[in-house]
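# Understanding the architecture of this molecule
What follows is the residue order along each chain.
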2 protein chains.
Amino acid sequence: MRIGELGEATGVDVETIRYYERSGLLPEPQRQANGYRAYGPLHLERLSFIRHCRALDMSLADIQRLLAFFDRPQADCGDINRVIDEQLERVRARLKSMRALEKQLTSLRSHCEAGHTAKECGILQELVAAAHGEACACHPAAAQ
Amino acid sequence: MRIGELGEATGVDVETIRYYERSGLLPEPQRQANGYRAYGPLHLERLSFIRHCRALDMSLADIQRLLAFFDRPQADCGDINRVIDEQLERVRARLKSMRALEKQLTSLRSHCEAGHTAKECGILQELVAAAHGEACACHPAAAQ
DNA sequence: TGAACACCCTGTAGCCGCTACAGGGTCAAG
DNA sequence: CTTGACCCTGTAGCGGCTACAGGGTGTTCA
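These remarks concern the structure in this document.

### Some details on the relation of the copies chain A and chain B
Superposing chain A onto chain B takes a rotation of 180 degrees plus a shift of 0.0 Å along the axis, which leaves an RMSD of 0.3 Å. Those values place the two copies in the arrangement expected of a two-fold rotation axis. Using C-alpha coordinates, one finds that chain A approaches the rotation axis most closely at Leu95(A), a distance of 3.2 Å. Comparing contact sets, 100% of the residues at the interface of chain A also lie at the interface in chain B, consistent with an isologous, same-surface contact.

Structure follows, in structure tokens:
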């Protein structure tokens, strides 16, 4: 299986596949006589695994940690749980700040309907007020 | 006001301030005889504005668009609304995918309590199943 | 006087996870 | 024998910083 076929099969760009190899996530494949990479089913499986983890927004470093378990199946799986827990923690923290962000932007947006000059624009005025540290609709309490 | 004082006053790293200058967000300040940057109150205000917008997760390019309005206060503010609307759109889209992500990770996490070997770990098994494209707890419907 | 230290300067390289070249080689079809 | 699709390596770019290296400046204290 050449790199293009692997890419086709997994939906991954060939440049990305080479990048994963360079980064040590995907083991170096054998080469054909002409120097082309020759992949087997194990590469396909591993690449699919990587992509699924990426879809869960894990870092390549964390994926590396998970991949290591395939090489030592007798190891305690505590570290696997830890990777997932940490990821979940990050996602939840990010979710929290995104929700706050949406609130702030929604409030900000409500300060202007189009048709003013920039000088009169409530949005800009709010942003400037916020920059001054005054209480503003979009940052009502202390800016943490 | 020297760069360190400006940084202190705004809570912005001096390297970041210089970076904003290089990027054209912060106008070049005057220089003291010794070559040190000399900032005035307008720089302080502008930098605070930038940081507040960054706290709203706007890109530097979008902040640039907003800053341009200070130089032409008579312009129609339609573009300001557009920047905020686009940002709100991005935040909402991201929120949606983060919520899905949290669900997937939570479900994944429920597949293993610690104390197994890696081989038996439900999480790893689920991830491999997912990589195979089989229906899995964390990717139940079609992987889009 | 001079040594230590905090601050400032420029320029460059690194982080992440790709993406996009440039400049070449390989191979099958027309 | 030329076109075109594929492959190779190596390098540079994205955004938004962050972290040096290698130097200059200015104050304080012995």
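Structure shown, so let's carry the discussion forward.
### Notes on the packing of aromatic side chains
Within the structure shown, the criterion is met by four aromatic pairs over all chains. Seen from their ring centres, Tyr19(B) and Tyr20(B) are 6.1 Å apart, and the 50 degrees between their planes marks the pair as tilted. For Tyr20(B), a relative accessible area of 3% puts it in the buried group. The ring of Phe69(A) is capped by Arg72(A), whose NZ or CZ atom sits 4.9 Å from the centre of that ring.

### As for the protein's contact with DNA strand D
Near DNA strand D there are 18 residues, and of these Gly4(A), Arg18(A), Arg37(A), Asn34(B) and Arg54(B) occur at the shortest range. Atoms of DNA strand D within 4 Å of the protein: sugar and phosphate make up 73%, bases the balance. At 3.1 Å from a phosphate oxygen of DNA strand D is found a side-chain nitrogen or oxygen belonging to Arg31(A). Take Glu15(B): an N or O atom from its side chain is 3.1 Å from a base nitrogen of DNA strand D. Elements with a contribution of two residues or more to the surface near DNA strand D: α1 (3–10) of chain A together with α2 (14–22) and α3 (41–55) of chain B. A per-element tally of the surface near DNA strand D places α2(B) first, with four residues. Taken together, the residues of the surface near DNA strand D break down into six nonpolar, five polar and seven charged.

### Details of the pattern of salt bridges
Counting across every chain of the model gives 20 salt bridges over all chains. With its nearest N and O atoms 2.4 Å apart, the salt bridge here joins Arg109(B) to Asp85(A). Highlighted residues: Arg109(B) in helix α5 (residues 78–109) and Asp85(A) in helix α5 (residues 78–109), drawn from two different chains. Taking the relative accessible area as the measure of exposure, Arg109(B) reaches 17% and is therefore buried. For Glu102(B), the salt bridge is made with Arg92(A), and the minimal N-O distance between the two is 2.8 Å. Linking Glu102(B) in helix α5 with Arg92(A) in helix α5, this pair reaches from one chain into another. We classify Arg92(A) as partly exposed; its relative accessible area is 35%.

### Topic: the interface of chain A and chain B
Listed per partner, the contact involves 55 residues of chain A and 55 residues of chain B. Here chain A meets chain B over a buried area of about 4,900 Å², counting both sides, of which 72% is carbon and sulfur. For chain A, the biggest contributors to the area lost against chain B are His52(A), Leu56(A) and Leu105(A); these three give 12% of the whole. Applying the counting criterion to the chain A and chain B interface returns six salt bridges.

### Digging into unusual backbone geometry
For residues that are not glycine, phi is negative in most cases, and the peptide bond is trans in most cases. Residue Asp57(A) is not a glycine yet carries a positive backbone phi of 65 degrees. Along the chain, Asp57(A) turns up in the loop between α3 (41–55) and α4 (60–71).

### A closer look at the nonpolar core
By size, the foremost hydrophobic cluster in this structure holds 74 residues, and its most contacted members are Met58(A), Ile80(A), Leu105(A), Met58(B) and Ile80(B). Non-local contacts of Leu105(A), meaning those with residues more than four positions away in its chain, are made with Leu56(B), Met58(B), Ile84(B), Gln87(B), Leu88(B) and Val91(B).

Basis of the calculations
- Positions within a chain are numbered from 1, following the residues in the order the chain's sequence is written.
- All chains are assigned letters beginning with A, and all ligands numbers beginning with 1, in the order in which they are written.
- Restriction of local features to residues with pLDDT of at least 70 applies here, the model being predicted, together with a cutoff of 80 or more for giving and counting side-chain atom pairs; totals for whole chains, interfaces and linings are based on all residues.
- With hydrogens and water stripped out, all remaining heavy atoms of the structure feed into the side-chain values.
- Superposing copies: least-squares fit, C-alpha atoms only, residues required to have pLDDT of at least 70 in both.
- Contacts were defined at the residue level, with two residues in contact if any of their heavy atoms lie within 4.5 Å.
- Within 6.5 Å between ring centres, the rings of Phe, Tyr and Trp (the latter by its six-membered ring) count as paired, and their orientation is classed by plane angle as stacked under 30 degrees, edge-to-face over 60, tilted in between.
- Each residue is placed in one exposure class: buried if its accessible area under a 1.4 Å probe, protein chains only, is under 20% of its type's maximum, exposed if it is over 50%, and partly exposed if it falls in between.
- Placement of a charge over a ring requires the Lys NZ or Arg CZ to be within 6 Å of the ring centre, with the centre-to-atom vector within 35 degrees of the ring normal.
- A single heavy atom is enough: if one lies within 4 Å of a molecule or strand, its residue is considered near that molecule or strand.
- Whenever two N or O atoms come within 3.5 Å, that pair is a polar contact, provided that in protein one can donate a hydrogen and the other can accept it, and provided that, for residues adjacent in sequence, both atoms are side-chain atoms.
- Strands here are runs of E lasting at least two residues and helices are runs of H or I lasting at least four, both read from the DSSP assignment and numbered beginning at the N terminus.
- Following the grouping adopted for this structure description, the nonpolar residues are Ala, Val, Leu, Ile, Met, Phe, Trp, Tyr, Cys and Pro, the charged ones are Asp, Glu, Lys and Arg, and the polar ones are all others, Gly among them.
- A carboxyl oxygen of Asp or Glu within 4 Å of a side-chain nitrogen of Lys or Arg is what we treat as a salt bridge.
- When two parts are put together, the accessible area they lose, computed with a 1.4 Å probe and summed over both, is reported as buried area.
- Put simply, a nonpolar core is a bunch of buried Ala, Val, Leu, Ile, Met, Phe, Trp, Tyr and Cys residues held in one set by side-chain atoms that sit within 4.5 Å of each other.

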